[in-house]
Amino acid sequence: MTSSPPPESLDPQDWEALRQLAHRAIDDGFDYLQHVRDRPVWQPVPESVVARLRGPAPREPEGAEHAYAEFRELVMPYPMGNIHPRFWSWFMGNGTAFGAVADFLAAVMNPNMGGGNHVANHVEAQVLDWSKEMVGFPADASGLLVSGGSVANFVGLAVARNARGGVDVRELGVAAIPRPLVTYASVEVHSCVQKAIESLGLGARSLRKVPVNADYEIDVRALEHMITEDRAAGRQPFCVIGNAATINTGATDDLDALATVCEREGLWFHVDGAIGSLLALAPQHRHLVRGIERADSVTLDFHKWLHVPFEAACVLVRDRKAHRDAFALIPEYLEKTERGLASGAHWFSEYGLQLSRGFRALKVWLTVKEHGLERFGRLIDRNIAQAQELAALVDAEPTLELVAPVRTNIVCFRFNPGGRDDASLNELNQELLIRLHESGIAAPSYTTLGEVYCLRAAITNFRTTSDDLALLVRAVVDIGRTLVS
Ligand SMILES: *Cc1c(COP(=O)(O)O)cnc(C)c1O
């Protein structure tokens, strides 16, 4: 079958020219990654660049060459920094070279992962099967790839609400739930959990924040006490959220103990394992997440410790029927057929909010195949060892102090030359951190523990070396000294 292309199309007019451009883009991208260490971690975007990013959309074609030249000039030089070996802010993966290629290939095939009978859905199903294996979930559990831990937590909690609400929440709404539903999580729980609870119509107040012990782990006794109190007051406890590594300090709750409480009390057990689910891969630290396999639903983030390019995460739900019951809605235009394109076993749109969905499974699938799970486990162990190494360097510096125990890969510390109160130290360390970022040397982030503002290095970085940690400590001490002199 030959026919001439339509007179106007989005295909290249000159395939060879675009192919050349694409090859150049790959070369530029690989050079960028290979030499990332030689550049500053971060630098501010110049005003002139920001101004040029405010123009209107072009009305007529500018062409791929021109668009690419602008990308090279305006965008590429000012990265966030999280691909750099000395980036330890918040909690982010680095991405990988092959992961970037995988994103390209996913876009080339460009399937819609809402449903249908095509191979990409089997790839997602396999990634879900691997995820179940990672955390010790049964093979018949269900799951869904989503954009990130926030959405994964939302999906898990939506299923929990509908399964335990006691009424048909989809039909009648939350107002029909006879007694107010109460959720429990430690004070260290991630903010996205509160956003999920709010969006589910339960109200932020219904999320009980349970105190933590000196290691920032949930106080199980206090939790049990709160459950009893709420029951006595006529409220309906329905869900406990365990932290598999908290965002502030990396502490992991006693998941086994929480599972036992939930079993006894008949509560849904959700684990926010955006960080810590993958600890199950790490030979020296998998004991920290013992009990995760007893959860009803679990969140995993692939764009954190698996270093898959953003966005990629997953929610697992033990009870497949409960998961599907929370989201499936099948109008006539989505009805399945026995054979053909509209058949198939995997209709992921029935397990979440999205109908059209991208092929994010491919970059996870290719990344796991490229490196194997055990390598990721070793790299997680190495990051945790590096946190201990950094803690030791901090301890050895008279002007630096740790402000929280180092449980996994997160080190909270501050510059403290002595003779100042917390308020003054907080101000000093805030300015110190900004200067450190502006220096381009290193990029830890920050948090506040109690009244203490501190620098916070979350080492989720396969490019970091011991020298990088020493450089950080040197820079913090130097900037701190300059500030006080
Ligand atoms: C990062 C994180 C989240 C949110 O995940 P996103 O992928 O950023 O949406 C939730 N919980 C914890 C503990 C996290 O570290």
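Our structure's up above, just so we're on the same page.
My aim in this report is to walk through the structure given alongside it, one point at a time. Please read these numbers as outputs of a predicted model, since none were measured by experiment.

**Some points on the pattern of salt bridges**
It is possible for side chains bearing opposite charge to pair when their charged atoms get close. All told, the structure shown has 28 salt bridges when counted by the stated rule. With its nearest N and O atoms 3.0 Å apart, the salt bridge here joins Asp129 to Lys132. Within this pair, Asp129 and its partner Lys132 are both found in helix H5 (residues 119-135), separated by three residues, close to a single helical turn. Of the residues examined, Asp129 reaches a relative accessible area of 35% and is grouped as partly exposed. Between Arg264 and Glu265 there is a salt bridge, with its nearest N and O atoms 3.9 Å apart. Its relative accessible area of 23% is what places Glu265 among the partly exposed residues. Three or more residues are tied together by salt bridges with common partners; here these are Glu224, Arg231, Arg264 and Glu265.

**Topic: the site of the ligand**
Surrounding the ligand, one finds 14 residues, the nearest of these being Gly149, Ser150, Asp272, His303 and Lys304. Within the side chain of Ser150, an N or O atom sits 2.6 Å from an oxygen atom of the ligand. Measuring from an oxygen atom of the ligand, one finds a side-chain N or O atom of Asp301 at 2.8 Å. Its free accessible area being 380 Å², the ligand has 85% of it covered by the protein chains. Of the residues that constitute the shell around the ligand, the class distribution is five nonpolar, six polar and three charged.

**Remarks on the packing of aromatic side chains**
Per the counting criterion, the structure on display carries four aromatic pairs. For the ring pair Trp90 and Tyr446, a centre distance of 6.4 Å and an interplane angle of 80° mean the geometry is edge-to-face. Taken together, the positions of Trp90 in the loop between strand S1 (87-88) and helix H4 (97-109) and Tyr446 in strand S11 (residues 443-449) put the pair 356 residues apart, joining distant regions of the chain. Judged by its relative accessible area of 40%, Tyr446 falls in the partly exposed class. Here the aromatic rings of Tyr446 and Tyr453 are separated by 6.4 Å at their centres, their planes lie at 5°, and the arrangement is stacked. The structure contains a cluster of three or more aromatic residues connected by ring pairs, namely Trp90, Tyr446 and Tyr453. Here the guanidinium or amino end of Arg318 rests over the ring plane of Phe137, the centre of that ring lying 4.7 Å away.

Basis of the calculations
Residues numbered from 1 in each chain as written. Predicted model: local features only at pLDDT ≥ 70, side-chain atom pairs only at ≥ 80, totals over all residues. Heavy atoms only, no water. Salt bridge = Lys/Arg side-chain N within 4 Å of Asp/Glu carboxyl O. Helix = DSSP H or I, 4+ residues; strand = E, 2+ residues; numbered from the N terminus. Buried < 20%, exposed > 50% of the residue type's maximum accessible area, 1.4 Å probe, protein only. Near = heavy atom within 4 Å. Polar contact = N/O pair within 3.5 Å; in protein donor to acceptor, adjacent residues only side chain to side chain. Areas by Shrake-Rupley, 256 points an atom, 1.4 Å probe, with all protein chains shown as cover. Nonpolar A, V, L, I, M, F, W, Y, C, P; charged D, E, K, R; others polar. Phe/Tyr/Trp six-rings, centres within 6.5 Å; stacked < 30°, edge-to-face > 60°. Lys NZ or Arg CZ within 6 Å of the ring centre and 35° of its normal.

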